[in-house]
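Survey of secondary and tertiary structure
Chain residues, written in single-letter form:
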Amino acid sequence: MLHRGSRPRGPHGTRIVALATLVLVVSAWPSQAQESADRPRPAYLSAADWIEDLGVLATRLPEVHRDAFHTISEEDFRRRVIELERRIPELAYHEIVVELARLVAAIGDGHTRLWLTDSQRNGFRRYPIVLYDFADGLRLVAAPRNHAHAIGGRVIRMGNADTAEAMRLVEPLVHRDNEMGLRRIAPLYLRIPEVLDALGIVDDMERATIVVEKDGREIAVEVGPLPANRLSDDAAFRLPPGPSDFGDADLVSMREPGAPVPLYLRHPDRTHWLEWLPESGTLYAQSNTISNDGPETMADFYARVFAAVDSLPLERLVIDLRNNDGGNNFLNTPVFLGIVRRPEIDLPDRLFVVIGRTTFSAASHLVTYLERFTNATFVGEPTGGSPNHFGDARPVELPNSRLRPAASTIYWQNSLPVPFEERDWTAPEIAAQLTADDWARGVDPALEAIFAHRREEPLTERLVRAATDGGPAAAWAAFEAWKDDPTHAYAEVERELNVAGYRLMDEERLEAAVAVLYVNTRAYPESVNVWDSLGDAYRAAGRRGEAIEAYERAAAMDPNGSLGASAGLKASELREAGP
């Protein structure tokens, strides 16, 4: 088929988990939930208190969520609740909180969450360190002054676990749409003593040892926790961390003295801001939230952006969304409308959008709109939000602990409709990943990649030319050479190649169509749609046996889906028609 295939995603109705052991406590929830969430957390909670909270969570989370069982089955969720209820009398306070976060994260979307940071008034603390998962590994970005010699080192061990094991252990606690969400949040959780203790990563959460590798040697750093609310969460989500991120903790960072602060980090506290770079003819616009906070509304800001586009000798417009974790999706319209009304800037080598792991929620909606309606070139790393995703979370307050997990209430579908959209993120066409050295020296690889970008021959034209000279094998070799370019590290071209294959069929360039769609099956062998499309190309080229084989493969991969059924029907028709 012309559209790409995928597993079904999206709302299928809400179901309620009924747990016999919890029925008695649920009826008490409504009146208690009306009390203020600002009430201090009780100093002591009994097992019965926690079981009551678990009952509220187990009942209300599926009620509030748009489709709580889109990832985890209802049966598995019920089993986990019963098992946690059984264990509660044996667990300490912080262990129960961590297990509740694990249960909530199992729902499987980035907005359904129980944050474990101390900003949630859960009493959790944190170690006086900052970690960040760079392209070249997890690094110790900041630490107490007496550990300055270890700053910048690659973290190889946290307590009892090597880095890979520590990440594996913390992963089930992290609410996320995709892997980039994990890379964003996991370093934050890895500096919370109560989390590390609950996971068995440290034996004594009052004294944790972190081992880094730096300059060819291993350095051990021992730290103790700061009291709650002594470090800002922002330090985990943006770089470089500044004094306000550390509170009154005496930390130093790995940023080299005198290193310039790159544009994208100059004004993290501003909602939107704009700068003209006359040397390169670049208009740089950064939006750090999708909101009207600040001196002007988002619509007014982008009106100012496009007035500058109309009046300046512009070479390129750069819209930077890499630090933007969302806001109000309904404010996005002026951005893409302003672009489509200006065809002179709406070109792949003139319009660039920078994205990354923090591009989430309403910001990922904006990316999806720009992808659909403009010719923007995306630069950076994949988004932390999925093109289609659950969102608009509503809190579910637990009556005794006062914890406030949240459940997504809406399924936003701004990209291709279910079942054709299976992407977990929007990928950059030009990969530009931040290394530890880049950050220490104040280098912005994304902006450097934009300035170095030159229009290249479209991939489909490369493949057609190679296929004309040497057939499908040559086309595959051309694809591999293209993919080996590090700037194409995250490029997703399945849909592009699929559309090109059908265009070639329409032009009756059938062998070229076969070659391009053959490449697609090798690049994306798990996609039902690419095999169905290759079958269409073989059939158009009169290659009956190969068409049947491709269709039957698609049908076998999707035995219960519409794409598989369609492919199976086409295979049967060809068989019945005979040679």
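Residues numbered from 1 in each chain as written. Predicted model: local features only at pLDDT ≥ 70, side-chain atom pairs only at ≥ 80, totals over all residues. Heavy atoms only, no water.

Some details on the overall build of the chain
Note the threshold: Numbering goes from the N terminus for both helices and strands, where a helix is a DSSP run of H or I of at least four residues and a strand is a run of E of at least two. Any two residues whose heavy atoms approach within 4.5 Å are treated as being in contact.
A tally of helices and strands in the chain yields 21 helices and 15 strands. Sequence separation of at least 24 residues holds for 71% of the intrachain contacts in the chain that already meet a minimum separation of 6.

A look at the pattern of salt bridges
The condition is simple: We count a salt bridge whenever a side-chain nitrogen from Lys or Arg sits within 4 Å of a carboxyl oxygen from Asp or Glu. Buried, partly exposed and exposed residues are distinguished by accessible area as a fraction of the type maximum, computed with a 1.4 Å probe on protein chains only: under 20%, between the cut-offs, and over 50%, respectively.
All chains considered together, the criterion is met by 38 salt bridges. The partner of D76 in a salt bridge is R80, and the shortest N-O contact between them spans 3.5 Å. Here D76 and its partner R80 are both found in helix 4 (residues 74–87), 4 residues apart, which amounts to about one turn of the helix. Its salt-bridge partner being R176, residue E171 comes within 3.0 Å of it at the nearest N-O pair. Given a relative accessible area of 23%, R176 falls into the partly exposed group. Residues participating in the shared-partner salt-bridge network are D532, D536, R539 and K570.

Some words on the layout of surface pockets
Just so we agree on the cut-off: Using protein atoms alone on a 1 Å grid, points that fit a 1.4 Å probe yet trap it form a cavity, whereas open point sets bounded by protein on both sides within 12 Å along at least five of seven lines form a pocket; residues with an atom within 4 Å of a point count as lining. Grid points are joined across faces, edges and corners, and a volume is the space filled by probe spheres set on the points. Each residue receives one of three labels: charged for Asp, Glu, Lys and Arg, nonpolar for Ala, Val, Leu, Ile, Met, Phe, Trp, Tyr, Cys and Pro, and polar for the others, Gly being one of them.
Computed from the structure, the largest pocket encloses a volume of approximately 1400 Å³. What lines the largest pocket is a set of 42 residues, among which A376, E429, E492, V493 and E496 lie closest to the centre. Listing elements by their share of the lining of the largest pocket, those giving two or more residues are helix 13 (362–373), strand 12 (377–380), helix 15 (445–452), helix 16 (459–483) and helix 17 (494–506). Classifying every residue of the lining of the largest pocket by side-chain character gives 17 nonpolar, 9 polar and 16 charged.

Details of the packing of aromatic side chains
For the record, the criterion: Ring pairs shown here join Phe, Tyr and Trp side chains whose ring centres sit within 6.5 Å, with only the six-membered ring taken for Trp; geometry is labelled stacked below 30 degrees between planes, edge-to-face above 60, and tilted in between. Counting as a charge over the ring demands two things of the Lys NZ or Arg CZ atom: a distance within 6 Å of the ring centre and an angle within 35 degrees of the ring normal.
Taken as a whole and assessed by the stated rule, the structure comprises 14 aromatic pairs. Through successive ring pairs, a cluster of aromatic residues spans F301, Y302 and F306. Above the ring of Y264, the side-chain terminus of R322 is found at 3.9 Å from the ring centroid.

So, helix 19 (residues 528–540)
Basically, it comes down to this: One less than the number of residues in a helix, times 1.5 Å, gives the span that helix is expected to have. What qualifies as a polar contact is a pair of N or O atoms within 3.5 Å, subject to a donor-acceptor requirement within protein and to the restriction that residues adjacent in sequence count only when both atoms come from side chains.
Taking 1.5 Å as the rise per residue, helix 19 with 13 residues should run 18 Å; its terminal C-alpha atoms sit 19 Å apart, in good agreement. Among the 13 residues of helix 19, 11 are classified as buried, and the element is accordingly described as predominantly covered. Considering only its buried residues, helix 19 is in contact with helix 17, helix 18 (510–523), helix 20 (544–557) and helix 21 (562–577). Two to three positions downstream of the cap, the backbone nitrogen of N529 sits 3.4 Å from a side-chain oxygen, assigning the N-cap of helix 19 to S527. One or two residues past the end of helix 19 sits G542, with phi positive at roughly 80°.

Thoughts on unusual backbone geometry
Within the chain, R402 stands out as a residue other than glycine whose phi angle is a positive 65°. Along the polypeptide, R402 turns up in the loop between strand 13 (388–395) and strand 14 (406–413). A relative accessible area of 7% places R402 in the buried class. Of note in this structure, E508 is not a glycine but carries a positive phi near 60°.

Observations regarding the environment of V221
Summarising the element assignment, V221 is placed in strand 6 (residues 217–223). Judged by its relative accessible area of 1%, V221 falls in the buried class. Measuring from C-alpha to C-alpha, the distance between V221 and A208 comes to 8.1 Å, with 13 residues separating the pair along the chain. Apart from residues no more than four positions distant in its own chain, V221 is found in contact with H147, A150, A208, T209 and I210.

Thoughts on the environment of L61
By the element assignment, L61 lies in helix 3 (residues 47–64). The class of L61 is buried, set by a relative accessible area of 0%. Taking C-alpha positions, L61 is 8.5 Å from P405, a pair spaced 344 residues apart along the chain. Those residues in contact with L61 that sit more than four places away from it in its chain are V56, F77, V104, I107, T112, A406 and A407.

Some words on the pairing of strand 8 (residues 272–277)
Two faces make up the sheet, and in a regular strand the side chains alternate between them. Under the convention used in this document: Strand pairing is defined by DSSP finding a minimum of two bridges between the two strands.
By the bridge criterion, 6 bridges tie strand 8 to strand 9 (residues 282–287) in an arrangement that is antiparallel. By the bridge assignment for strand 9, E275 is matched with Y284. Taken together, strand 8 and the strand that follows it, strand 9, pair antiparallel across an intervening segment of 4 residues, in which G281 is found at a positive phi of about 65°.

Focus on the nonpolar core
To keep it simple, the criterion reads: What makes a nonpolar core is a set of buried Ala, Val, Leu, Ile, Met, Phe, Trp, Tyr and Cys residues whose side-chain atoms join them at distances within 4.5 Å.
In terms of nonpolar packing, the biggest core is built from 95 residues, with L100, L116, M158, Y189, L190, V195 and I201 touching the most fellow members. If one sorts the elements of this core by residue count, helix 3 sits on top with 8 residues. Judged by nonpolar contacts, the second largest core, of 39 residues, contains V464, Y502, A550 and L563.

Brief notes about the packing of helix 20 against helix 21
Quick note on the threshold: Here an axis means a line fitted to C-alpha atoms, over the contact stretch when the element is a helix, while the angle between two N-to-C directions is reported on a 0 to 180 degree scale. Oblique is the label for any angle not covered by the other classes, which are roughly parallel (under 35 degrees), roughly antiparallel (over 145) and roughly perpendicular (65 to 115). Helix crossings are classified by the rotation of the near helix relative to the far one: an anticlockwise turn of less than a right angle makes the crossing left-handed, while a clockwise turn makes it right-handed.
One way to put it is that helix 20 packs onto helix 21 with a least axis distance of 8 Å and a crossing angle of 150°. By the criterion of interaxial angle, the relationship of helix 20 to helix 21 is roughly antiparallel. Of the two possible hands of crossing, helix 20 and helix 21 adopt the one that is left-handed. Contacts between helix 20 and helix 21 involve R544, A547, I548, Y551, E552, A554 and A555 on the former and, on the latter, G564, A567, G568, K570, A571, L574 and R575. For the contact of helix 20 with helix 21, the class distribution of residues is 8 nonpolar, 2 polar and 4 charged.

Comments concerning the sheet that holds strand 9
Taken in spatial order, the 6 strands make up an open sheet running 8-9-10-11-12-15, and their pairing is mixed. The two strands at the open ends of the sheet, each matched to only one other strand, are strand 8 and strand 15 (430–431). Taken together, the 4 bridges between strand 10 (residues 316–320) and strand 11 (residues 351–355) define a ladder with parallel strand orientation. Its bridge partner being in strand 11, D320 is matched across the sheet by V354.

Observations regarding helix 15
Along helix 15, the residues classified as buried are P445, A446, L447, A449 and I450. Contact partners of the buried residues in helix 15: strand 9, strand 10, strand 11, strand 12, strand 15 and helix 14 (436–441). Structurally, the start of helix 15 carries an N-cap: the backbone nitrogen of A446 is 3.0 Å from a side-chain oxygen of D444.

Observations regarding the side chain of T112
Among the secondary structure elements, T112 is positioned in the loop between helix 5 (93–105) and strand 1 (130–134). Looking at T112, its side chain comes within polar contact range of the side chain of H65, at 3.1 Å. Once you skip the residues sitting within four places of it in the chain, T112 turns out to touch L61, H65, V104, I107, H175, A406, A407 and S408.

That is the geometry; function is a separate question.
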